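Breakdown of the fold
Below, each chain spelled out in residue letters.
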Amino acid sequence: MGGLLHRKLRGGSPMAKKKTLKSYQSKVTKAKTAYNKARTTYTTNNKKLGDLKSRRSKAKTIAEKNSLDGKIKQATKSTKKAKGKVTKTKGAYNKAKSNLAAFKKSQAAERRKDALNKKKKIIVKMQKDKPGYWKAKRPFVIPKYPRSVNSYVYIDNTTESETVTTDLTTNSIAPGQYVNHYTQTSPVQHQIDGKLGGSLISEIKGLKEQFDSLKRWSTNGTEIELHHGQRQSNHSVLTSVAANFDAPRDNAVPVSVAIQDVKWAKSEISKKSKKKTTTNKGANTGKKTATKGTRKDTKPKAGKYLTIKKGDTYWGYHVSFGTSIAKLRSWNGFPDKALPIGKKIRVK
């Protein structure tokens, strides 16, 4: 009994191997290769079957027809089998891609959870290391995803400012529009001037290391958070970091940092099938061909529609209905200076 138990313990199943991003990516690559190979085999077999059927239709003798019938039967069987292989490998490929996406999602969730736990430990350390700074709510910078409990920098600020700039167009883009019709607002800029250190335990060596952390985060474009101070930011990057070492002190390093808010864009681009189109390469008549924006032979979407009359413009519709010119262009796709008379146009 004891010997049997001992053998079971020794021969037990090994610990399951931890799956990594590389392993999931490898499975996707292998599944894709198998799928492409199956498609190639199916295409080859299907072409061969078509050729045999074509020869069969042109055969004149019974012997030749019987011979081709046997080959067609075999080719049909091979093609059917290859098609089944395509279906099977395609399913495996899609499953591998789905597993990879799910793993990436779980990894992102784990990363956020790990970052949150590290931030809790960092806050405890900050309160212990510099309780005066914490109580006075001095600004501090911390990476969005810190790697250690030392990933923070306090700034004993003397000045703190915030700037927002908006650029205007200086020339009219189209007739009938305001000169300053289009604007573009830049991200919020934070400027903090002050010093690192300020306490008796802050030696110059450690302060230089803190400054090096700021430089590294700026150089790498690390996403950071700005807390305390007068203004805060949960998504930003360091765009400028400067220090003055002209008159070094034992417990302070003058610094100036610039921080810019950021927003991460989400792609909404969807792949569309490419359709082959034939174009007339003859002489240019000067007439514009119908584009997608003409909505020719398409069902109108819900909204208010009018029939275009002579003299109508996007600007006129904008004034009458309050719809932005950009939205009118997006809905209809007609060129600004040549609205097609008699066509339907969405205005609201």
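Figured I'd write up the structure that's included with this text. (Residues numbered from 1 in each chain as written. Predicted model: local features only at pLDDT ≥ 70, side-chain atom pairs only at ≥ 80, totals over all residues. Heavy atoms only, no water.)

Side note on the overall build of the chain
Along the backbone of the chain there are seven helices and 11 strands. For the chain, the proportion of its 348 residues judged to be buried stands at 25%. For the chain, the share of sequence-separated contacts (at least 6 apart) that also reach a separation of at least 24 residues comes to 65%. As presented, the chain carries roughly 25800 Å² of accessible surface, and 54% of it is formed by carbon and sulfur atoms. (Helix = DSSP H or I, 4+ residues; strand = E, 2+ residues; numbered from the N terminus. Buried < 20%, exposed > 50% of the residue type's maximum accessible area, 1.4 Å probe, protein only. Contact = heavy atoms within 4.5 Å. Areas by Shrake-Rupley, 256 points an atom, 1.4 Å probe, with all protein chains shown as cover.)

Quick look at the layout of surface pockets
When its volume is computed, the largest pocket comes out at roughly 410 Å³. In terms of lining, the largest pocket is formed by 19 residues, of which the most central are P143, Y145, P146, R147 and T222. Looking at side-chain class alone, the lining of the largest pocket contains seven nonpolar, six polar and six charged residues. (1 Å grid on protein atoms, 1.4 Å probe; cavity = no way out; pocket = protein on both sides within 12 Å on 5 of 7 lines; lining within 4 Å. Points joined across faces, edges and corners; volume = space filled by probe spheres on them. Nonpolar A, V, L, I, M, F, W, Y, C, P; charged D, E, K, R; others polar.)

Some words on the nonpolar core
By size, the foremost hydrophobic cluster in this structure holds 17 residues, and its most contacted members are V141, L196, L214, W217, L238, V257 and I259. Secondary-structure elements contributing two or more residues to this core are β6 (189-197), α5 (204-220), β7 (224-227), β8 (233-243) and β9 (252-261). Contacts of W217, omitting those with residues within four sequence positions, involve V141, P143, S151, Y152, V153, T222, I224 and L238. Residues V28, Y93, A96 and F103 belong to the second largest nonpolar core, which totals 10 residues. (Core = buried A, V, L, I, M, F, W, Y, C linked by side-chain atoms within 4.5 Å.)

Some words on helix α7 (residues 325-332)
Three or more residues of α7 are buried, namely I325, L328 and N332. For α7, the buried positions fall inside an angular range of 55° around the axis, keeping them on one side. In the core, the buried residues of α7 are packed alongside α6 (314-321) and β11 (344-346). Two residues or fewer after α7 comes G333, characterised by a positive phi angle close to 75°. (Arc of directions from axis to C-beta.)

Some details on the packing of aromatic side chains
Think of a pair of aromatic rings as described by two things: how far the centres are apart, and how the planes are tilted against each other in angle. Overall, the coordinates contain six aromatic pairs when judged by the stated rule. Among the aromatic residues, those joined into a cluster by ring pairs are Y133, W134, F140, Y152 and Y154. One cation-aromatic arrangement involves K27 over Y24; the distance from NZ or CZ to the ring centre is 6.0 Å. Positioned over the ring face of W331 is R346, at 3.9 Å from the centre of the ring. (Phe/Tyr/Trp six-rings, centres within 6.5 Å; stacked < 30°, edge-to-face > 60°. Lys NZ or Arg CZ within 6 Å of the ring centre and 35° of its normal.)

Quick notes on the sheet that holds strand β1 (residues 140-143)
One key point about sheets: their strands pair by backbone hydrogen bonds, in either a parallel or an antiparallel sense. As summarised here, the arrangement of the seven strands in space is β2-β1-β7-β8-β9-β6-β3, forming an open sheet in which the pairing is antiparallel. Of all the strands in the sheet, the pair left with one neighbour each is β2 (153-154) and β3 (156-163). As paired elements, β1 and β2 share two bridges and run antiparallel to each other. Residue pairing for β2: F140 is matched across the bridge by Y154. Relative to the sheet, helix α3 (residues 62-129) contacts β1, β2 and β7, its axis offset from that of β1 by approximately 150°. (Pairing = 2+ DSSP bridges. Axes fitted to C-alpha atoms, helices over the stretch in contact; angles between N-to-C directions.)

Description of the pattern of salt bridges
Throughout the structure, instances matching the rule amount to 10 salt bridges. A salt bridge links D156 to K195; the shortest N-O distance between them is 2.7 Å. Here D156 is found in strand β3, whereas its partner K195 is found in strand β6, with 39 residues between them in sequence. As a salt-bridge pair, R231 and E162 come within 3.0 Å of each other at their nearest N and O atoms. Placement of R231 in the loop between β7 and β8 and of E162 in strand β3 is noted, with a sequence separation of 69 residues between them. Three or more residues joined by partner-sharing salt bridges are found here, namely K119, K144 and E225. (Salt bridge = Lys/Arg side-chain N within 4 Å of Asp/Glu carboxyl O.)

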